[in-house]
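Residue-level structural notes
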Amino acid sequence: SDVSNSPSKNVGSESGDWNYPGNAKNNYSTKAGFIGGGTVGYNWQIPKTPYLIGLEGEYGYLGQKGSKQDPNAALNNSYYYYPGRLADNSQSSTSIGADYGYGLVGGRLGYALDRSLIYIKSGAVFTTVNSNWSDTNIPGYMGTSSKSTTTGYALGAGVEYALPFENFTHVTIKTEYLYMGIPTSQSLSENGSQGEVTTTQTTSGIHTAKIGVNYKF
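Remember, it's a predicted structure, so these values are computed and weren't measured experimentally.

Definitions and cut-offs
Residues numbered from 1 in each chain as written. Predicted model: local features only at pLDDT ≥ 70, side-chain atom pairs only at ≥ 80, totals over all residues. Heavy atoms only, no water. Helix = DSSP H or I, 4+ residues; strand = E, 2+ residues; numbered from the N terminus. Patch = residues over 30% accessible without salt bridge, like charges linked within 9 Å, V, L, I, M, F, W, Y side chains within 5 Å. Areas by Shrake-Rupley, 256 points an atom, 1.4 Å probe, with all protein chains shown as cover. Salt bridge = Lys/Arg side-chain N within 4 Å of Asp/Glu carboxyl O. Buried < 20%, exposed > 50% of the residue type's maximum accessible area, 1.4 Å probe, protein only. Contact = heavy atoms within 4.5 Å. pLDDT = per-residue confidence, 0-100. 1 Å grid on protein atoms, 1.4 Å probe; cavity = no way out; pocket = protein on both sides within 12 Å on 5 of 7 lines; lining within 4 Å. Points joined across faces, edges and corners; volume = space filled by probe spheres on them. Nonpolar A, V, L, I, M, F, W, Y, C, P; charged D, E, K, R; others polar.

**Regarding unusual backbone geometry**
In this structure, Lys48 is a non-glycine residue whose phi angle is positive, near 65°. Tracing the sequence through the fold places Lys48 in the loop between strand E4 (35-45) and strand E5 (51-62). Positioned with a positive phi, Asp114 is a non-glycine residue whose angle comes to about 55°. Here Asp114 lies in the loop between strand E8 (102-113) and strand E9 (116-135).

**Focus on a nonpolar patch on the surface**
A cluster of nonpolar side chains, contributed by Tyr42, Trp44, Ile53, Leu109 and Ile120, occupies part of the molecular surface with about 540 Å² of accessible area. A residue is classified by how much of its surface remains accessible, and Ile53, at 39% relative accessible area, is partly exposed.

**Quick notes on the environment of Gly97**
The topology assignment puts Gly97 in the loop between strand E7 (91-96) and E8. We classify Gly97 as buried; its relative accessible area is 2%. Here Gly97 is in contact with Leu62, Thr127 and Thr128, once residues within four sequence places are set aside.

**Quick notes on the confidence of the model for the protein**
Overall, the prediction assigns the protein a mean pLDDT of 79, with 69% of residues at 70 or greater. Of all secondary-structure elements in the protein, the lowest mean pLDDT belongs to strand E2 (residues 9-11), at 40, while E8 reaches the highest, 96. Across residues 7-21 the pLDDT falls below 50, and counting only partners more than four positions away or on other chains, this stretch makes 48 contacts in the model.

**A closer look at the layout of surface pockets**
One water molecule sets the probe size; rolling that probe over the atoms shows where empty space is left. Of the volumes computed, that of the largest pocket is approximately 920 Å³. Lining of the largest pocket is provided by 37 residues; of these, Asn43, Arg108, Glu160, Thr172 and Asn214 occupy positions nearest its centre. Put simply, the parts of the chain that give the lining of the largest pocket at least two residues each are E4, E5, E8, E9, strand E10 (142-162), strand E11 (171-192) and strand E12 (195-215). Here the lining of the largest pocket is built from residues that sort into 15 nonpolar, 11 polar and 11 charged.

**As for the environment of Phe126**
Relative to the helices and strands, Phe126 resides in strand E9. Residues Phe126 and Thr150, spaced 24 residues apart in sequence, show a C-alpha to C-alpha distance of 5.7 Å. Look past the residues within four positions of Phe126 in its chain and what remains in contact with it is Tyr100, Gly101, Tyr102, Gly103, Val105, Thr150 and Thr151.

Next comes the structure, spelled out in structure tokens:
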């Protein structure tokens, strides 16, 4: 997921260490990670046609994480440098799905070709987003965090293939691409011994690719 952190606005420090001279945004992406889970659904092929309509529920593990040092920190260190001053090491971090993974409820439309099914998929996705900001070099530590349950949308496509083996007539394999749009905006603030920090962090969405095995009842 792409993450954008607005410029931190810091006031209240007598020495001025927390009045950043810069306004650079802290943009970064979460790292690629493992995704896995299971699906339950019902498919209905329209009689005398190759078209299929399906309903599907999905639940799985999702552990997306990313972090980056605030680019304003380097400006702050050079602007307010004096001997003995601890360097500003403030950074922002984001995790998606860390609390309970993700859930999805949606439908799919498909076109059957012999043993293959080409389909598109769409629905609503549910997950959690955790945002954090911290600076461990501030006397007494300074940090703030925010967590929210987010509802977004899912859109993707895939190909499913029914195995031709006699003992596996109810088994299919599939490969699927799915984009999870989870636009989230979180405001974080904290009052500390060295001042006040206020920042807003936004996330966009996640690109996923999966392979799977289904059993048809």
